[in-house]
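Geometric and topological summary
Each chain is listed here by its residues.
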Amino acid sequence: MIKINSNKKTYPEVPILPTTVIGSYPRPKWLKESIRLSSAGKISKDDMEEAFNDSVIAVMRDHEVAGIDIPTDGEMRRDEMVEFFAEHLKGFKFYGYVRVWGDAYYRKPSVVSRVEYKKPMLESEVKFAQSVSYTKNLKVTITGPYTIADWSFNEYYKTKEDLVFDLAKIINQEIKNLVKMGIPFIQVDEPALPTHEEEIPWGVQAINEAVKGVDVKVGLHICYGDYSKVMPFADELKVDQLALEFKNRDFKDLELIKRFGYSKEIGLGVVDVHSKKVETPEEVAKGIKKAMQVLEPEKIFVNPDCGLKRLSRKIAYQKLVSVVEGTKMVREELKKKGLSTIQLKPVVNR
């Protein structure tokens, strides 16, 4: 009698060269106006929640019409990637706004006591996204422990490292809750990681602590700094995928993939989120083919360089259309070789 392992996990199929987004998407103008009215006390809590929900539906519709295989909810409820999580954890206090660049500001949090996990932070927004999504293959993004610590003031912990590892344990709890909710792809955002070279070794270990025991696909997104500082630790990172800027850097960092013998997956940035110029599908296809010179197509996911929220909604949508149409061009060539789908599953053990 043949024994069947009923506990064996099955993973969804997606087209080869899956198209996805890094996370954020431009907030509709009416949502921005609702937030302004809410801040002024001129709109009810229920009406504000409706506005957020409607914006997620709009984002999902944009992603669906563009043809994105693995969407997000556009991070509609998050003003800023560190501020949002600091608001939901015990131990943080806000003093005021700091300038990031240009006219971009955020409320920089300060750690004033031991950081603690109060309750799931993303559960309600994820449940709603699942209820209106056109696919079960949702990606959920979460800011990593190193970046939360690096972009906060530390008034309590003796060392930054101690703070980061406490945050890693918290992020691990949150990610495991997302897995229980059925999310098949989780992306940890760590833009700060390459910016302090001497801290990268223990920063990598903290990221590993944050994803420990997670049995779905995990990507790590980095969009600042010198990637050559991180690549020596790529094999140590317990993530399945590195999602990096490539278009903005003219795909020169593909050489790092080759030089360091990186063999896991990449999230290939094929459109520049800092430019209002909309790339053509042909440009996207060209970028994908460059990546296929250093990695097998089964290991390439196609996405923008970074989040799209700083662009107008019209331009962001047009860039997504180019991502999809350019990817389709390359898929047609791969179909002739018998390559059409892959499984959305982990490639490393955690």
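The model shown is predicted, which means the values in this text are computed figures rather than measured ones.

**Quick notes on the pairing of strand E6 (residues 185-189)**
The buried fraction of E6 is high, at five of five residues. Because side chains alternate across E6, one face comprises the buried residues Phe185, Gln187 and Asp189, and the other comprises Ile186 and Val188, equally buried. The pairing of strand E4 (residues 139-143) with E6 spans five bridges and is parallel. From the neighbouring strand, Thr141 faces E6, where its bridge partner is Gln187. Of the strand pairs in this sheet, E6 and strand E7 (residues 217-222) are connected by five bridges, and their pairing is parallel. Across the sheet, residue Phe185 finds its bridge partner in E7, namely Lys217. Handedness of the crossover is the feature at issue here: the chain leaves E6, passes through helix H7 (residues 200-210), returns alongside E7, and the resulting connection is right-handed.

**With respect to the pattern of salt bridges**
Tallied over the full model, the rule gives 26 salt bridges. Its salt-bridge partner being Arg61, residue Glu64 comes within 3.8 Å of it at the nearest N-O pair. Residue Glu64 and its partner Arg61 are located together in helix H2 (residues 45-66), separated by three residues, close to a single helical turn. Look at Glu64 and you get partly exposed, because its relative accessible area is 38%. Here Lys328 and Glu325 are joined by a salt bridge, their closest N and O atoms 3.6 Å apart. With Lys328 and Glu325 both in helix H10 (residues 313-335), this residue pair falls three residues apart, about one helical turn. Classification of Glu325 as partly exposed rests on a relative accessible area of 33%. One network of salt bridges, in which partners are shared, links Glu75, Arg78 and Glu125.

**With respect to the packing of H2 against helix H4 (residues 123-132)**
Packed helices, taken two at a time, are described by their axes: the angle between them and the distance between them. Closest axis-to-axis distance for the H2/H4 pair is 10 Å, and the angle between their directions is 50 degrees. As judged from the angle between their axes, H2 and H4 are oblique. Once H2 is placed against H4, the crossing between them reads as right-handed. Within the contact between the two elements, H2 uses Asn53, Val56, Ile57 and Met60 and H4 uses Phe128, Ala129 and Val132. Looking at the contact of H2 with H4 residue by residue, the class counts come to six nonpolar, one polar and no charged.

Calculation notes
Residues numbered from 1 in each chain as written. Predicted model: local features only at pLDDT ≥ 70, side-chain atom pairs only at ≥ 80, totals over all residues. Heavy atoms only, no water. Buried < 20%, exposed > 50% of the residue type's maximum accessible area, 1.4 Å probe, protein only. Helix = DSSP H or I, 4+ residues; strand = E, 2+ residues; numbered from the N terminus. Pairing = 2+ DSSP bridges. Right-handed = clockwise from strand over helix to strand, strands pointing away. Salt bridge = Lys/Arg side-chain N within 4 Å of Asp/Glu carboxyl O. Axes fitted to C-alpha atoms, helices over the stretch in contact; angles between N-to-C directions. Parallel < 35°, antiparallel > 145°, perpendicular 65-115°, else oblique. Left-handed = near helix turned anticlockwise from the far one by under 90°. Contact = heavy atoms within 4.5 Å. Nonpolar A, V, L, I, M, F, W, Y, C, P; charged D, E, K, R; others polar.

Bear in mind that shape data such as this cannot, by itself, settle questions of function.
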